[in-house]
Amino acid sequence: MSDGEIRLDVVVVNFHSAPLIARTITLAHSFAGAGTRLIMVDNSPGDGAADIVRSAVPDAAVIENPVNRGYAAAVNQAFMAGDAEFVLLINPDVRELSGTYADVLQAFRDPRVGAVVARLVNTDGTLQPNCICAPRPFDLISEDVALAERFPNWRRPRLYRMLDWDHRDDRRVDAARGACIFLRRAAIEDVGFFDEHFFVYYEETDWLIRAKRRGWGTVFLPTVEAVHASGGSSPDTHSPHSLLLLESQHRYARKHFGAMTAGLLRATQVGIDTVRLARHAVDGRADARAAAADRIRVHLTMRAPRPS
């Protein structure tokens, strides 16, 4: 590899994250050093992020979308714009990134490793579990009703999110939710791009599971640690983003479990949320009743409202 060769494409997708972009640029360059190219895909044009990137990194690739195309589509645009051997997908809400890029390259020395995942922690230093086992139908129901939190001594719901592991040793995992994930371009070329039917959420899970089926491994690397400010693996159940998460769960189920199983899952979730709606109608919680009604609409239509 020559000194001037690009070895890492750093991909950042902006959606109203302009105040965070400068920090993301600094983190990426500090971590990987020379041979790093920034590719920023702007899904919220006009918020100033594109100007910040062009001013800080004149040779960065900036792709401005006239509308929010969703995360998967934006990442695919970045894949097409780059050609480095490795790609780092990093969220703008990553506040710190520690460890060495040499450790990442060491993990990639195995030619069948297609992805390397960083250890995530919250801003208070507590672990933010981001690795998961390949989802099964029960897991999607368990996540929807928060069984792991409601019944902490029940081991089965904890298996999906690997909550009985302290995330301090490197190991192969099925998939991960990637605020900070490195991908091998050869694996991308073999597996294909992200599935744009996922507007946001589950696109990386879908890709990593597809990669595993084609013989590519995903390695969790605890020596590379990212402080992720979101504070959790999924949105609050009353937030608009929770509806997008629901949509992606349904799309994942339809794609990986088949139409019949996915239909049964949706019917089960309609029943759960119908009970919620009735309960909140009795207790007078209009906001919670409206949230349950919104969830039922997503179960029935498999589509959530898009953020503006």
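Within each chain, residues carry numbers counting from 1 in the order of the written sequence. Local features in this predicted model are restricted to residues whose pLDDT is 70 or higher, and side-chain atom pairs enter the listing and the counts only when it is 80 or higher, whereas totals over whole chains, interfaces and linings include all residues. With hydrogens and water excluded, all non-hydrogen atoms of the structure serve as input to the side-chain values.

**So, the overall build of the chain**
For clarity, the cut-off: The way it works is that DSSP assigns letters per residue, a run of H or I at least four long becomes a helix, a run of E at least two long becomes a strand, and they are numbered from the N terminus. Restricting the calculation to C-alpha atoms gives the radius of gyration, and the globule rule supplies 2.2 Å times the number of residues raised to the power 0.38. Only protein chains enter the accessibility calculation, which uses a 1.4 Å probe; a residue whose area is less than 20% of its type maximum is buried, one above 50% is exposed, and one in between is partly exposed. Areas reported here follow the Shrake-Rupley algorithm with a probe of radius 1.4 Å; residue values treat only the protein chains shown as occluding.
From N to C terminus, the chain includes twelve helices and eleven strands. Taken over the C-alpha trace, the chain has a radius of gyration of 20 Å; the compact-globule value for 308 residues is 19 Å, and the two agree within 12%. Overall size of the chain, expressed as C-alpha extent along the three principal axes, is 65 × 40 × 40 Å. Taken over 308 residues, the chain has a buried fraction of 53%. For the chain, the computed accessible surface area is about 13800 Å², with 54% contributed by carbon and sulfur atoms.

**A short note on the pairing of strand β2 (residues 36-42)**
The line we're drawing: By convention, a crossover is right-handed whenever its connection, traced from the first strand over the helix to the second and viewed with the strands pointing away, goes clockwise. At least two bridges found by DSSP between two strands are what make those strands a pair.
Burial within β2 is extensive, with seven of its seven residues counted as buried. Neither face of β2 is left uncovered, since the one carrying Thr36, Leu38, Met40 and Asp42 and the one carrying Arg37, Ile39 and Val41 both have all their residues buried. In this view, the connection linking strand β1 (residues 8-14) to its parallel neighbour β2 by way of helix α1 (residues 18-32) has right-handed handedness. Bridging between β2 and strand β3 (residues 61-64) involves four bridges; their strand directions are parallel. Bridge pairing in β3 places isoleucine 39 opposite alanine 61. Taking the sense of rotation as the criterion, the β-α-β connection linking β2, helix α2 (residues 49-56) and β3 turns out right-handed.

**Quick look at the side chain of aspartate 42**
The cut-off we apply is this: Neither His nor the chain termini are counted; the positive set is Lys and Arg, and the negative set is Asp and Glu. Throughout this description, the term salt bridge denotes a Lys or Arg side-chain nitrogen within 4 Å of a carboxyl oxygen of Asp or Glu. Polar contacts, as counted here, are pairs of nitrogen or oxygen atoms within 3.5 Å of one another; within protein the pair requires one atom able to donate a hydrogen and one able to accept it, and residues that are adjacent in sequence qualify only if both atoms are side-chain atoms. By definition, residues are in contact when any of their heavy atoms lie within 4.5 Å.
The residue aspartate 42 is located in strand β2 in this model. Arginine 54 provides the closest opposite charge to the buried, unpaired aspartate 42, separated from it by 7.1 Å. Within the structure, aspartate 42 has its side chain in polar contact with the backbone nitrogen of serine 44 (distance 3.0 Å). In this view, aspartate 42 contacts Asn14, Asp47, Ala50, Ile63, Glu64 and Asn65; residues no more than four positions away in its chain are not counted.

**Observations concerning α2**
Rules: It is the directions from the helix axis to the C-beta atoms whose arc is reported.
When α2 is considered as a whole, its buried residues turn out to be Ala49, Ala50 and Val53. Along the axis of α2, the buried residues cluster in a sector spanning 100 degrees; they form a single face. The exposed residues of α2 that point more than 90 degrees off its buried face are Asp51 and Ser55. In the core, the buried residues of α2 are packed alongside β1, α1, β2 and β3.

**So, the environment of aspartate 273**
Assignment of secondary structure puts aspartate 273 in helix α11 (residues 259-283). A relative accessible area of 0% means that aspartate 273 is categorised as buried. Taking the C-alpha atoms as reference, aspartate 273 lies 9.4 Å from aspartate 294; in sequence the two are 21 residues apart. Excluding its chain neighbours within four sequence positions, the residues that come into contact with aspartate 273 are Ala292, Arg295, Ile296 and His299.

**Here we look at the packing of aromatic side chains**
How we decide: To pair, rings of Phe, Tyr and Trp, with the six-membered ring standing in for Trp, must have centres within 6.5 Å; the planes then decide the type, stacked if under 30 degrees apart, edge-to-face if over 60, and tilted in the middle.
On inspection of all chains with the given rule, the structure shows twelve aromatic pairs. Between tyrosine 101 and phenylalanine 182 the ring centres are 6.3 Å apart and the planes differ by 35 degrees, which places this aromatic pair in the tilted class. In this pair, tyrosine 101 is assigned in helix α4 (residues 101-107) and phenylalanine 182 in strand β10 (residues 180-184), connecting sequence segments 81 residues apart. Comparing tyrosine 101 with phenylalanine 182, the two get one shared label, buried.

**Some remarks on the state of the cysteines**
Quick note on the threshold: Note on terminology: disulfide denotes any pair of cysteine sulfur atoms within 2.5 Å.
Here the structure, examined in full by the defined rule, presents zero disulfides. Cysteine 133 forms no disulfide, and the closest cysteine sulfur to it belongs to cysteine 131, at a distance of 9.4 Å. Cysteine 180 forms no disulfide, and the closest cysteine sulfur to it belongs to cysteine 131, at a distance of 12 Å.

**Re empty space enclosed by the protein**
Rolled over the atoms, a probe as big as a water molecule pinpoints where empty space is left. Counted only if it meets this: Cavity and pocket criteria rest on a 1 Å grid covering protein atoms alone: a 1.4 Å probe that fits but cannot get out defines a cavity, protein on both sides within 12 Å along at least 5 of 7 lines defines an open pocket, and an atom within 4 Å of a point defines a lining residue. Grid points are joined across faces, edges and corners, and a volume is the space filled by probe spheres set on the points. Three residue categories are used. Nonpolar comprises Ala, Val, Leu, Ile, Met, Phe, Trp, Tyr, Cys and Pro, charged comprises Asp, Glu, Lys and Arg, and polar comprises the others, including Gly.
Overall, the coordinates contain two cavities of 30 Å³ or more when judged by the stated rule. In this structure, the largest cavity spans a volume of roughly 40 Å³. Counting residues per element, the lining of the largest cavity draws most heavily on helix α10 (residues 240-257), which supplies three residues. When its residues are assigned to classes, the lining of the largest cavity shows three nonpolar, three polar and no charged.

Remember, this is a structural readout, not a statement about activity or role.
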